[in-house]
Amino acid sequence: MTDSHPNPSQWWFHRRTMAYLSIIGLYVITAQVLLSSMPVHVVPLAQTLAWVFSANLLYYYGGNAVEAIKGKQ
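Reference entry: report on the structure contained in this document. On a predicted model such as this, the values are computed, not experimentally measured, just so you know.

Criteria and cut-off values
Residues numbered from 1 in each chain as written. Predicted model: local features only at pLDDT ≥ 70, side-chain atom pairs only at ≥ 80, totals over all residues. Heavy atoms only, no water. Phe/Tyr/Trp six-rings, centres within 6.5 Å; stacked < 30°, edge-to-face > 60°. Buried < 20%, exposed > 50% of the residue type's maximum accessible area, 1.4 Å probe, protein only. Helix = DSSP H or I, 4+ residues; strand = E, 2+ residues; numbered from the N terminus. Expected span 1.5 Å × (residues − 1). Contact = heavy atoms within 4.5 Å. Polar contact = N/O pair within 3.5 Å; in protein donor to acceptor, adjacent residues only side chain to side chain. Core = buried A, V, L, I, M, F, W, Y, C linked by side-chain atoms within 4.5 Å.

### Things to note about the packing of aromatic side chains
Phase 1 of the analysis: Under the counting rule described, the total for this entry stands at 1 aromatic pair.
Phase 2 of the analysis: Seen from their ring centres, Tyr-60 and Tyr-61 are 5.1 Å apart, and the 70 degrees between their planes marks the pair as edge-to-face.
Phase 3 of the analysis: According to the relative accessible area criterion, Tyr-60 is buried, its value standing at 9%.
Phase 4 of the analysis: Its relative accessible area of 44% is what places Tyr-61 among the partly exposed residues.

What follows is the structure, given as C-alpha cells:
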C-alpha cells in the first residue's frame, strides 16, 4: 500500500498524527466522564466519538502489523 504513495514517510506521518489525536481524544472523553458530570444528552455523542477514535487506533496499529508481517519496515 505504501508503494503507491509518492512519499511514504509523509503518509506514515499523517497516520501517526491521526493515531496520536485519537489517543488524546480518548483521554479527553475519559477525563470528562470521570472528573465531571456529563449531561445525559451528550453521552451518545461521547460513545460515538470513543468508537471512532478506537477505530482509528485499530486502523493505525493494524496497518503497522501488516507492514511488519510483510517485512517492508
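### Things to note about helix α2 (residues 43-70)
Phase 1 of the analysis: With 28 residues, α2 should reach 40 Å at 1.5 Å per residue; the first-to-last C-alpha distance of 40 Å fits that figure.
Phase 2 of the analysis: Those residues of α2 that are buried are in contact with α1 (8-35).
Phase 3 of the analysis: Immediately downstream of α2, the backbone of Gly-71 shows phi near 80 degrees, a positive value.

### As for the side chain of Ser-22
Phase 1 of the analysis: Examined against the element boundaries, Ser-22 turns out to sit in helix α1.
Phase 2 of the analysis: On the basis of relative accessible area, Ser-22 is assigned to the buried category, the value being 2%.
Phase 3 of the analysis: Among the polar contacts listed, one links the side chain of Ser-22 to the side chain of Asn-56, at a separation of 3.3 Å.
Phase 4 of the analysis: For Ser-22, the contacting residues outside a window of four places in its chain are Phe-53, Asn-56 and Leu-57.

### As for α1
Phase 1 of the analysis: Compared with the 40 Å implied by 1.5 Å per residue over 28 residues, the 40 Å span of α1 between its first and last C-alpha is a close match.
Phase 2 of the analysis: Taken residue by residue, α1 has Trp-11, Trp-12, Arg-15, Ala-19, Ser-22, Gly-25 and Ile-29 as its buried positions.

### Brief notes about the nonpolar core
Across soluble globular proteins, you tend to see nonpolar side chains buried next to one another.
Phase 1 of the analysis: Within the largest apolar cluster, 5 residues are counted, these being Trp-11, Trp-12, Ala-19, Leu-57 and Tyr-60.
Phase 2 of the analysis: If you list the elements that add at least two residues to this core, you get α1 and α2.
Phase 3 of the analysis: Counting residues per element, this core draws most heavily on α1, at 3 residues.

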